[in-house]
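# Summary of the model geometry
Listed here are the chains, written in short residue letters.
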Amino acid sequence: MTELIEEIDWDGNLVAKRPIAELKERMFPHKVSLVIPKGENNKFIFAMRAKDKHPFPNTWTCGIGGKVSAEESYEQAALREFKEEASVSFDVEKVAEFKYDEDHYKAIFSIFTTKNEVDINVFKPDPREVQYFEAIPLDEISKIVAEDADNCAPTFIAAVKAFISGLN
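Computed from a prediction, not measured in an experiment: that's the story for all the values here.

Procedures and definitions
- Residues numbered from 1 in each chain as written.
- Predicted model: local features only at pLDDT ≥ 70, side-chain atom pairs only at ≥ 80, totals over all residues.
- Heavy atoms only, no water.
- Helix = DSSP H or I, 4+ residues; strand = E, 2+ residues; numbered from the N terminus.
- Rg over C-alpha atoms; globule rule 2.2 N^0.38 Å.
- Buried < 20%, exposed > 50% of the residue type's maximum accessible area, 1.4 Å probe, protein only.
- Contact = heavy atoms within 4.5 Å.
- Pairing = 2+ DSSP bridges.
- Axes fitted to C-alpha atoms, helices over the stretch in contact; angles between N-to-C directions.
- Left-handed = near helix turned anticlockwise from the far one by under 90°.
- Nonpolar A, V, L, I, M, F, W, Y, C, P; charged D, E, K, R; others polar.
- Polar contact = N/O pair within 3.5 Å; in protein donor to acceptor, adjacent residues only side chain to side chain.

## Quick notes on the overall build of the protein chain
If you tally the helices and strands in the protein chain, you get 4 helices and 9 strands. In sequence order, the protein chain lays out its α and β elements as β-β-α-β-β-β-β-α-β-β-β-α-α. By the compact-globule yardstick of 15 Å for 168 residues, the protein chain fits well, its C-alpha radius of gyration being 15 Å. When the backbone C-alpha atoms are referred to their principal axes, the protein chain occupies close to 45 × 35 × 30 Å. Looking at the 168 residues of the protein chain, the share that counts as buried comes to 47%. Taking as baseline every contact in the protein chain between residues at least 6 positions apart, the subset at least 24 positions apart corresponds to 61%.

## A short note on the sheet that holds strand E8 (residues 105-114)
Here 4 strands make up an open sheet; going across it, the order is E6-E3-E8-E7 and the pairing mixed. The outermost strands of the open sheet, each flanked by one partner alone, are strand E6 (64-67) and strand E7 (92-102). Shown here is a sheet whose adjacent strand axes are inclined to one another by a mean of 20°, direction ignored. Where E7 and E8 come together, 10 bridges link them in antiparallel fashion. Across the sheet, the residue bridging to Phe98 is Phe109, located in E8. Across the face of the sheet, helix H2 (residues 74-86) comes into contact with strand E3 (30-35), E6, E7 and E8 while running at roughly 120° to E6. Against the sheet, helix H4 (residues 154-167) contacts E3, E7 and E8, and its axis sits at roughly 135° relative to E7.

## Some remarks on the packing of helix H3 (residues 138-147) against H4
Remark: H3 packs on H4, axes separated minimally by 10 Å, with the N-to-C direction vectors making an angle of 145°. Along this stretch, H3 crosses H4, giving a crossing that reads as left-handed. Contacts from Leu138, Ile141, Ser142 and Val145 in H3 reach Phe156, Ile157, Val160, Phe163, Ile164 and Leu167 in H4. A class-by-class count of the residues in the contact of H3 with H4 yields 9 nonpolar, 1 polar and no charged.

## A look at the environment of Asp52
Mapped onto the secondary structure, Asp52 falls in the loop between strand E4 (43-49) and strand E5 (60-62). Given a relative accessible area of 67%, Asp52 falls into the exposed group.

## What to know about the side chain of Lys106
With respect to the secondary-structure elements, Lys106 resides in strand E8. A relative accessible area of 18% means that Lys106 is categorised as buried. A polar side-chain atom of Lys106 sits 2.7 Å from a polar atom in the side chain of Asp101. Excluding residues within four positions of it along the chain, Lys106 makes contact with Trp10, Met27, Phe28, Pro29, His30, Tyr100 and Asp101.

So, to be careful, I would describe these as geometric facts and stop short of saying anything about function.
Here it is as structure tokens:
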């Protein structure tokens, strides 16, 4: 069965349901859910993307994330991605939303965090998606974004800024 995602306008309204493969042929605005879980000791959990995962291989990304399937809510996608990428599930709450409109990627992102602190040791990374997870304080991830942007997915840079702003 072909997985469908929703092409949307910049107000989030449905334009058409399309096979996910069409996104590689022609980038169009779509929905993406991200989760930056709360780790222990005022840290948040981020991920090093798989070395061959398109787009943005081998870069820092949000802990969990992916495209929202057709007729799925942002929150449902966040919970599904949690299970797919880390083999765990936690309650989440929305922190921020932002629009990303560049030639290489176009999406409206919703960013969630976990309602409670979670133990990173229970995460089991799917090697097709994630090399490893790491718990990092926000000031340190901000420094990585500022000083080592080449090792960060461009969407991740925008997500970190929106996430920090949403927490304040």
